[in-house]
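Architecture and fold: a report
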Amino acid sequence: MREPWDVILKPVVTEKVTELMEAQNVYAFVVNKDANKIEIAHAVEALWDVKVENVRTMVYRGKLKRSYIGRLNRNWSLGKSASFKKAVVKLAEGDSIELYEMG
């Protein structure tokens, strides 16, 4: 089994996730693409000493992006944003994770 810091890459902190944190005790993380739900649950429990009730995962594919290079010659270059896997973790009642400090 992998180390917890190899499974959890970074937290996702958006307006939607912040509302879910307050209302439903749900947290979101960008995780390793190979990680399964069991590894994600064990990693969150090991890193923050909480009890995980449910884990949902989503895979986001990278999208093609066009960037404009040059002013007169109208060159376009193609690129791609990175693919990633996101996990939404629901914690047991009374548990919480301090992701960032308010104030």
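For the structure itself, consult the block above.
Here the structure is a predicted model, which means the values were calculated and not measured.

Taking 1.5 Å as the rise per residue, helix 3 (residues 37–48) with 12 residues should run 16 Å; its terminal C-alpha atoms sit 17 Å apart, in good agreement. If you check which residues of helix 3 are buried, you get Glu39, Ile40, Ala41, Ala43 and Val44. On its buried side, helix 3 packs onto helix 1 (4–7), strand 1 (8–11), strand 2 (26–31), strand 3 (52–60) and strand 6 (84–91). Taken from the residues just after helix 3, Asp49 is the one with a positive phi, measuring 55 degrees.

Time to look at helix 2 (residues 15–24). An α-helical segment advances 3.6 residues per turn. Residues three or four places apart therefore align on the same side. Looking at helix 2, one finds that the buried residues are Val17, Thr18 and Met21. One side of helix 2 holds all its buried residues, which, seen down the axis, span an arc of 105 degrees. Summarising the geometry of helix 2, the exposed residues directed more than 90 degrees from the buried face are Glu15, Lys16, Glu19 and Ala23. Where helix 2 is buried, its residues meet strand 2. One or two positions beyond helix 2, positive phi appears at Asn25, with a value near 60 degrees.

Moving on: the sheet that holds strand 3. Here we have 4 strands laid out as an open sheet, ordered 1-2-6-3, and antiparallel in their pairing. The open sheet has two edge strands with one neighbour each: strand 1 and strand 3. Each adjacent strand pair in this sheet contributes to an overall mean axis angle of 30 degrees, direction not counted. Taken together, the 8 bridges between strand 3 and strand 6 define a ladder with antiparallel strand orientation. Opposite Tyr60, over in strand 6, you have Phe84 as the bridge partner. The strands that helix 2 touches are strand 2 and strand 6; relative to strand 2, the one it contacts most, it runs at about 140 degrees.

Procedures and definitions
Residues numbered from 1 in each chain as written. Predicted model: local features only at pLDDT ≥ 70, side-chain atom pairs only at ≥ 80, totals over all residues. Heavy atoms only, no water. Helix = DSSP H or I, 4+ residues; strand = E, 2+ residues; numbered from the N terminus. Expected span 1.5 Å × (residues − 1). Buried < 20%, exposed > 50% of the residue type's maximum accessible area, 1.4 Å probe, protein only. Contact = heavy atoms within 4.5 Å. Arc of directions from axis to C-beta. Pairing = 2+ DSSP bridges. Axes fitted to C-alpha atoms, helices over the stretch in contact; angles between N-to-C directions.

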